[in-house]
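Chain by chain, the residues run as shown.
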Amino acid sequence: METVVLVIGANGQLGSVLVKALQDKFGINNVIASDLRYRDGFKGQFEIIDATDFERIQEVVETHKVTQIYHLAAILSAKGEEHPLQTWDINMKTLFNVLEVSRLNNIEKVFFPSSIAVFGDGAVKYETPNTAYLDPATVYGISKATGENWAQYYFLRYGLDVRSLRYPGVIGYQSLPGGGTTDYAVDIFHKAVLGEPFQCFLNEDATLPMIMMEDAIRATIELMDAPKEAIKTRTSYNLAGTSFSPAEIANEITKIYPDFKIEYAPDFRQQIADKWPNSIDDTAAREEWGWQPEFNLEAMTKTMIKELKAYYNLIPA
Ligand code: SER
């Protein structure tokens with residue numbers, strides 16, 4: 001059976017980059033990108049889908065004979081706090097729709113992203129283990145922790161092959177994040193390259209787990225490619241790239257832009273960050289399907305600056 005992939009949330013920070021990687025892997029005609037709105041200039045197959053609409057997902061799955069679904073649509077940690085109940089409704093309704101459509105159409109594999117936001121005060125902050133206690137403090141984190149359990153339920157009850165990663169903050173030059181607590185670590189590079197000062201909404205010592213986009217995409221594809229028997233963790237896998245604080249990233253940027261200036265004006269997002277791990281233990285991912293990150297903070301910084309300079313068309317610093 002030919003693989004046909006549906007990506008829900010294809011305009012997002014991760015989705016827009018993942019779609020390209022999946023097109024390279026499966027062929028441009030075998031990837032159906034979907035989101036609430038069409039994306040100008042998009043190359044490939046695109047369907048408008050509001051993932052709260054079960055019938056619409058069902059229709060697209062039938063029309064294109066979809067065999068795999070990547071469900072990336074969600075309202076993130078910071079944005080989600082504006083309207084907690086609405087965030088819960090959207091994050092859960094879209095997940096249930098994807099799980100049900102997948103079950104009813106014998107979808108071969110489903111990807112559901114979870115997050116470091118599932119952790120709260122009940123988990124140790126340093127090298128947080130995969131099996132740590134989950135007491136998330138944001139509605140986004142609650143929806144992800146709950147979603148992980150539903151993913152496992154569909155696997156155990158119906159044999160649906162749902163796979164999941166707990167992404168750290170994703171850092172990439174290809175796209176912009178929206179509504180998250182780790183978004184500062186993308187924005188900071190844009191400001192540095194443009195020669196502008198950066199106002200950080202977290203404290204200088206707010207260390208959080210992060211991952212380079214390239215590593216996040218490769219992790220997703222490696223997880224989805226792994227043999228079914230290898231996937232022993234059916235809630236979600238901890239995934240680590242590197243961890244750093246705003247002061248550490250600023251220091252790394254200063255090595256390339258000595259005049260770079262940062263000031264700290266922590267807002268409500270600092271309280272969200274306070275509940276999250278400083279670093280992640282991803283032994284299960286390493287042992288069960290061979291996960292290995294490539295980018296540390298230095299490599300991330302060099303790549304971000306090089307690529308954003310090209311994007312903004314600036315001459316070398
Ligand atoms: N980057 C996400 C957020 O900040 C974490 O999953 O919400």
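Because the structure is a prediction, the values reported are computed rather than measured.

K.L.:
Report on the site of the ligand, specifying residues and quantitative values.
P.N.:
Surveying the vicinity of the ligand reveals the residues Leu76, Ser77, Ser115, Tyr140, Gly180, Thr181, Thr182 and Trp276. The contact in question runs from an oxygen atom of the ligand to an N or O atom on the side chain of Tyr140, over 3.1 Å. In this structure, a nitrogen atom belonging to the ligand sits 2.7 Å away from a side-chain N or O atom of Thr182. Look at the ligand: alone it shows 240 Å² of surface, and the protein chains cover 93% of it.

K.L.:
Requested: an account of empty space enclosed by the protein, with residues and values cited.
P.N.:
Under the defined criterion, the tally for this structure stands at one cavity of 30 Å³ or more. Empty space within the largest cavity amounts to approximately 60 Å³. Contributing to the lining of the largest cavity are His71, Ala73, Ala74, Asn91, Met92, Thr94, Leu95, Phe112, Ser143 and Lys144. Looking at the lining of the largest cavity, the elements that each hand over two or more residues are α4 (84-104) and α5 (139-158). Broken down by element, the residue count for the lining of the largest cavity peaks at four residues, all from α4.

K.L.:
Got a sec to walk through the layout of surface pockets? Specific residues and values, please.
P.N.:
By volume, the largest pocket is sized at about 1,100 Å³. For the lining of the largest pocket, the element with the most residues is α4, which contributes five residues. Within the lining of the largest pocket, the residues separate by chemical class into 20 nonpolar, 21 polar and six charged. What the second largest pocket holds in volume is close to 180 Å³. If you trace the second largest pocket, you find 14 residues lining it, with Asn130, Thr131, Ala132, Arg166 and Thr235 closest to the centre. Where the lining of the second largest pocket is concerned, the elements lending two or more residues are α5 and α10 (283-289).

K.L.:
I'd like to hear about the nonpolar core, residue by residue, with values.
P.N.:
With 41 residues, the main nonpolar core has Tyr184, Phe189 and Ile249 as its most contacted residues. Looking at this core, the elements that each hand over two or more residues are α5, α6 (184-194), β8 (198-200), β9 (208-212), α8 (246-254), α9 (268-275) and α11 (297-312). When residues of this core are assigned to their parent elements, the largest contribution, seven residues, is made by α6. Non-local contacts of Phe189, meaning those with residues more than four positions away in its chain, are made with Ile171, Ile249, Ile253, Thr301, Met304, Ile305 and Leu308. Counting 36 residues, the second largest nonpolar core, distinct from the first, contains Leu14, Phe111, Leu165 and Ile231.

K.L.:
Tell me about the packing of aromatic side chains, and please be specific about residues and values.
P.N.:
Within this structure, the stated rule accounts for 14 aromatic pairs. Seen in terms of ring centroids, Tyr38 and Phe46 are 5.1 Å apart; in terms of plane orientation they differ by 75°. Their pairing is edge-to-face. Note on Tyr38: relative accessible area 48%, which makes it partly exposed. Taking relative accessible area as the criterion, Phe46 reaches 15% and is therefore assigned buried. Both rings, one in Trp150 and one in Tyr154, keep their centres 6.4 Å apart while their planes meet at 50°; by these two values the pair is tilted. In this pair, Trp150 and Tyr154 both sit in helix α5, four residues apart, roughly one turn of the helix. For Tyr154, a relative accessible area of 5% translates into the label buried. Geometry around Tyr158 places Arg103 over its ring, the cationic atom sitting 4.8 Å from the centre.

K.L.:
Hey, could you go over the sheet that holds strand β7 (residues 169-171) for me, with residue numbers and the actual values?
P.N.:
Consider a sheet: its strands pair through backbone hydrogen bonds, and that pairing is either parallel or antiparallel. The strand order across the open sheet built from three strands is β7-β9-β11, with neighbouring strands paired in mixed fashion. Sheet topology places β7 and β11 (242-244) at the edges, where each strand pairs with a single neighbour. The average undirected angle you get between the axes of adjacent strands in this sheet is 45°. Two strands pair when backbone bridges link them, and β9 and β11 are joined in this way by three bridges, in the antiparallel orientation. Looking at the pairing, Leu208 lines up with Phe244 of β11.

The rules behind these values
Residues numbered from 1 in each chain as written. Predicted model: local features only at pLDDT ≥ 70, side-chain atom pairs only at ≥ 80, totals over all residues. Heavy atoms only, no water. Near = heavy atom within 4 Å. Polar contact = N/O pair within 3.5 Å; in protein donor to acceptor, adjacent residues only side chain to side chain. Areas by Shrake-Rupley, 256 points an atom, 1.4 Å probe, with all protein chains shown as cover. 1 Å grid on protein atoms, 1.4 Å probe; cavity = no way out; pocket = protein on both sides within 12 Å on 5 of 7 lines; lining within 4 Å. Points joined across faces, edges and corners; volume = space filled by probe spheres on them. Helix = DSSP H or I, 4+ residues; strand = E, 2+ residues; numbered from the N terminus. Nonpolar A, V, L, I, M, F, W, Y, C, P; charged D, E, K, R; others polar. Core = buried A, V, L, I, M, F, W, Y, C linked by side-chain atoms within 4.5 Å. Buried < 20%, exposed > 50% of the residue type's maximum accessible area, 1.4 Å probe, protein only. Contact = heavy atoms within 4.5 Å. Phe/Tyr/Trp six-rings, centres within 6.5 Å; stacked < 30°, edge-to-face > 60°. Lys NZ or Arg CZ within 6 Å of the ring centre and 35° of its normal. Pairing = 2+ DSSP bridges. Axes fitted to C-alpha atoms, helices over the stretch in contact; angles between N-to-C directions.

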